[in-house]
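Observations on the model geometry
These are the residues of each chain, in order.
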Amino acid sequence: MDALTQDAPAPAPLTEGGLRGVFERIAEGAVAREQGRTLPYEAVSWLREVGFGRLRVPREAGGAGVGLVETFRLLTELAAADSNLPQIVRAHFAFIEGRRRDTDRARSAVWYARIVDGALFGAAMAELTDSTGTSTTLTRQGDGWRLDGTKYYSTGTLYADWIIVVADANGERVHLAVPAAAPGVTRQDDWDGFGQRLTGSGTTRFDGVAVAEEQILARSSFDHVPSSSFLTAYYQLFHLATLAGITRAALRDAVAFVRPRTRTFGVPGKVSQRHDPLVQQVVGRLSALAYSTSALVDDVARALERASEAWDAGVLEHPLYDEAERIAFQAQQIVLEQALEATTRLFEVGGASATSSALGLDRHWRNARVLASHNPAVQRARALGDLELNGTALDAIWRSAAAATPGKEPSA
């Protein structure tokens, strides 16, 4: 990990050893947090203290300037320790990517400085409406603005210092940053999914929140697709890296479960389970799945790395972005299936004893299943088929909807 070890302006204590030490501490408490539904504020603080949040901040701005491939390898390791953590910081890292593309370098420098000082960012984008849209409003109030509305699935906001919000400002789509502790901001821990339960993906309410002009990050028309294919691939890769980490954790926990055991189901007497050929076969399959999912994450990350030079230069659209998006969608089809297979096969090594709630092995399947539901793979498979058969762009349905409903969020 050269970017973490070379002489650099990035301040201590961001080192490879420091990061891995924190990952180990996080893993030690993962089962207890899951069983008690204890929100991982302490684990997030450890990541903050070790400088994890500035991995992708450019070196000249005081960050580590770590490349995308190495960043997602670290995120996969973090997911193996506790799969809630990568999802908690997903919006934070995406915010940094947005600053990397921003051609207003002075504006980006202000936000980079906050991140280097330890600030973390969450997101409040989604709304529960009959169709895709933005009902949260940003209206003029004196020399500034007023923010009102309710957002759902606000992943990471419980742990964040700043919240990235999308609002409608008189028919214009606006991205802005709001201090999480600002008057009028209410964060609720009401996410009730059966997996990824500690991600802080609850409701965020904005009631007359004052917004200064410098908090506005970007403006765009609702006639345009709201996200670049680069960021679509980037967001998807976070889920894939988390799933790959869960698959690694399934292998790790299967090995830890089997090694000390001296009884195998269906075999009389005292038998070392680790020498049972059937158990070895299951663990061997888990090993292959852990390798395969991590390899696919690497491949998508390399596609994004190839596109990153244009992205960092402020290019809005580029064929390499579309290529990265396609590869991310293709990898999604395989990684989801393999992670779910691994987290199910895990139980074949131990019979009923492996289902003990004290072990918490069920969390791996529950977390993988919830992540697999975030971006329905069946829709992505259809889009890939349409691309192969007809050359239809992956975001064609969004572009068509935006063109058909000028001045409104597309409802596709």
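Residues numbered from 1 in each chain as written. Predicted model: local features only at pLDDT ≥ 70, side-chain atom pairs only at ≥ 80, totals over all residues. Heavy atoms only, no water.

1. What about the overall build of the protein?
Regarding its fold elements, the protein presents 14 helices and 8 strands. When burial is assessed residue by residue, the protein has 51% of its 412 residues classed as buried. Sequence-distant contacts, at least 24 apart, represent 76% of the contacts inside the protein between residues at least 6 apart. Roughly 18,000 Å² of accessible area belongs to the protein as shown, and the carbon and sulfur atoms make up 52% of that amount. (Helix = DSSP H or I, 4+ residues; strand = E, 2+ residues; numbered from the N terminus. Buried < 20%, exposed > 50% of the residue type's maximum accessible area, 1.4 Å probe, protein only. Contact = heavy atoms within 4.5 Å. Areas by Shrake-Rupley, 256 points an atom, 1.4 Å probe, with all protein chains shown as cover.)

2. Observations regarding helix H13 (residues 377–390)
Helix length check: H13 (14 residues) gives 20 Å between terminal C-alpha atoms against 20 Å at 1.5 Å per residue, within 8%. For H13, every residue scored as buried is listed here: Ala377, Arg380, Ala383, Leu384 and Asp386. Elements in contact with the buried residues of H13: helix H9 (229–258) and helix H11 (319–345). Within two residues after H13, Gly391 carries a phi angle of roughly 70 degrees, on the positive side. (Expected span 1.5 Å × (residues − 1).)

3. Description of the confidence of the model for the protein
For the protein, per-residue confidence averages 90 on the pLDDT scale, and residues scoring 70 or more make up 90% of the total. In this model residues 1–12 is a low-confidence stretch, pLDDT under 50, and it forms 27 contacts with partners more than four residues away in sequence or in other chains. (pLDDT = per-residue confidence, 0-100.)

4. Overview of empty space enclosed by the protein
A complete count under the given rule lists 3 cavities of 30 Å³ or more for this structure. The calculated volume of the largest cavity comes to roughly 100 Å³. If you trace the largest cavity, you find 15 residues lining it, with Ala81, Asp82, Ser83, Arg363 and Asn367 closest to the centre. Of all the secondary-structure elements, those providing two or more residues to the lining of the largest cavity are helix H3 (30–36), helix H5 (68–81), H9 and helix H12 (362–374). Here the lining of the largest cavity is built from residues that sort into 7 nonpolar, 4 polar and 4 charged. (1 Å grid on protein atoms, 1.4 Å probe; cavity = no way out; pocket = protein on both sides within 12 Å on 5 of 7 lines; lining within 4 Å. Points joined across faces, edges and corners; volume = space filled by probe spheres on them. Nonpolar A, V, L, I, M, F, W, Y, C, P; charged D, E, K, R; others polar.)

5. Looking at the packing of H11 against H12
Following both chains from N to C, one finds H11 and H12 inclined at 160 degrees, their axes separated by 9 Å at the closest point. Relative to H12, the element H11 is oriented roughly antiparallel. Taken as a pair, H11 and H12 cross one another with a handedness that is left-handed. Residue-level inspection shows Leu336, Leu340, Thr343 and Thr344 of H11 in contact with H12, the latter providing His364, Trp365, Ala368, Arg369 and Ala372. (Axes fitted to C-alpha atoms, helices over the stretch in contact; angles between N-to-C directions. Parallel < 35°, antiparallel > 145°, perpendicular 65-115°, else oblique. Left-handed = near helix turned anticlockwise from the far one by under 90°.)

6. Some points on unusual backbone geometry
The phi torsion of most residues other than glycine is negative, and most of the peptide bonds are trans. The phi dihedral of Arg37 is positive, around 45 degrees, even though this residue is not glycine. Counting through the fold element by element, Arg37 comes out in the loop between H3 and helix H4 (41–50). Classification of Arg37 by relative accessible area gives partly exposed; the value is 27%. Unusually for a residue other than glycine, Gln196 sits at a positive phi of about 45 degrees. Position of Gln196 relative to the elements: it lies in the loop between strand E6 (185–188) and strand E7 (203–211).

7. Here's the deal with the pairing of strand E2 (residues 137–141)
Note that E2 and strand E3 (residues 144–151) share 5 bridges and pair antiparallel. Bridging across to E3, Arg140 finds its partner in Trp145. Two successive antiparallel strands, E2 and E3, enclose a turn made up of 2 residues, where Gly142 displays a positive phi of approximately 65 degrees. (Pairing = 2+ DSSP bridges.)

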